[in-house]
Amino acid sequence: MGKIIAIVNQKGGVGKTTTAVNLTAALKEAGKSVLLCDFDPQANATSGLGVEKRQGKSIYHAIIDGMEAEKLVVRTKFGDVLPSSSALAGAGVELINVDDREHCLRKILEPLRESYDYIFIDCPPSLEMLTLNSLCAAHGILVPVQCEYYALEGLSDLMSTLRAVKRKLNPDLDIFGVVLTMYDGRTNFSAQVAQEVRRHFPGKVFATMIPRNVRLAEAPSHGTPVSAYDRSSRGAQAYVALAQEILKRG
């Protein structure tokens, strides 16, 4: 049965979708069966794996219309995708009067676990109904934290939400890991931020740090993970190393 990991941080621009896309590709290349569930209405993870952003059927239709999720999965050479679309933006409001609305995503993903080793959920950059659904569906969360000023800003809110969800809705939820992104080894400041994050999350921070890398920024415009765009780049090598850490962690 596959492990469901929500990639979450309510701050935008921290490398959340970049991590979702490139970890999916790296673990797929390592021989694992991986599904990327794009639960962000921006659908950037969908296009990042080369799948056209859908105006037709997407995960929205599984959440709202009850479509079978397996029929919506798109298979790519980089991993499978449960695509998103802009229609998902209204799902939070549409779920307000739905019974057990916090567990809609869990019910959708549970039947897919037998087919995958890992299911990653790319969450929207906010703490609202879609993210709450992701936390209720997941066994653990992976938190990207950028090595920049205000890196820890807002993480206390995320941890409070995590504790509340664990207490009331999903007792199995825990922090799977924290990954440092946008690391610049040329500056003392990045090292200081990394040290501070490790102090706040003892034993949870991956050794691999994702560097600032122009290839990581360019790859999405080509609809590919960085490993397919420039395998020799530092960004590609970092995500391969991170995938190996995740495999060792189990």
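Notes on the structure in this doc start here.

## Focus: the nonpolar core
Burial of nonpolar side chains together is a common tendency in soluble globular proteins.
Next, step 1: Leu 82, Leu 105, Leu 109, Ile 121 and Ile 141 are the most contacted members of the largest nonpolar core, which has 52 residues in total.
Next, step 2: Sequence-distant contacts of Leu 82, that is, excluding residues within four places in its chain, are made with Leu 35, Leu 36, Cys 37, Asp 38, Ile 59, Ala 69, Leu 72, Val 73 and Leu 109.
Next, step 3: Within the second largest apolar cluster, 32 residues are counted, among which are Ile 5, Ala 238, Tyr 239 and Ala 243.

## Quick word on the environment of Lys 28
Next, step 1: Considering the arrangement of structural elements, one finds Lys 28 in helix 1 (residues 16–29).
Next, step 2: Taking the C-alpha atoms as reference, Lys 28 lies 6.3 Å from Phe 78; in sequence the two are 50 residues apart.
Next, step 3: Not counting the four nearest positions on each side in its chain, Lys 28 is found in contact with Val 34, Thr 76, Lys 77, Phe 78 and Gly 79.

## Description of the environment of Ala 20
Next, step 1: Locating Ala 20 in the fold gives a position in helix 1.
Next, step 2: For the pair Ala 20 and Leu 132, spaced 112 residues apart in sequence, the C-alpha separation works out to 18 Å.
Next, step 3: Setting aside residues no more than four positions away along its own chain, Ala 20 makes contact with Ile 7, Leu 36 and Asp 122.

## A closer look at unusual backbone geometry
Next, step 1: Of note, the phi angle at Asp 100 is positive, near 55 degrees, even though the residue is not glycine.
Next, step 2: The phi angle at Met 182 is positive, at roughly 55 degrees, despite the residue not being glycine.
Next, step 3: Looking at the secondary structure, you find Met 182 in strand 7 (residues 174–183).
Next, step 4: Met 182 gets classed as buried once you look at its relative accessible area, which sits at 19%.

## As for helix 6 (residues 129–137)
The periodicity of an α-helix, 3.6 residues per turn, causes residues three or four places apart in sequence to face the same way.
Next, step 1: Helix 6 sits mainly inside the fold: 8 of its 9 residues count as buried.
Next, step 2: Buried residues of helix 6: Met 129, Leu 130, Thr 131, Asn 133, Ser 134, Leu 135, Cys 136 and Ala 137, and no others.
Next, step 3: For helix 6, the elements touching its buried residues are strand 1 (3–7), helix 4 (91–94), helix 5 (104–109), strand 5 (118–122), strand 6 (140–146) and helix 7 (155–168).

## Focus: the side chain of Ser 134
Next, step 1: Looking at the secondary structure, you find Ser 134 in helix 6.
Next, step 2: Classification of Ser 134 as buried rests on a relative accessible area of 0%.
Next, step 3: If sequence neighbours within four positions are ignored, Ser 134 has contacts with Ala 6, Phe 39, Leu 105, Ile 121 and Cys 123.

Conventions used here
- Residues numbered from 1 in each chain as written.
- Predicted model: local features only at pLDDT ≥ 70, side-chain atom pairs only at ≥ 80, totals over all residues.
- Heavy atoms only, no water.
- Core = buried A, V, L, I, M, F, W, Y, C linked by side-chain atoms within 4.5 Å.
- Buried < 20%, exposed > 50% of the residue type's maximum accessible area, 1.4 Å probe, protein only.
- Contact = heavy atoms within 4.5 Å.
- Helix = DSSP H or I, 4+ residues; strand = E, 2+ residues; numbered from the N terminus.

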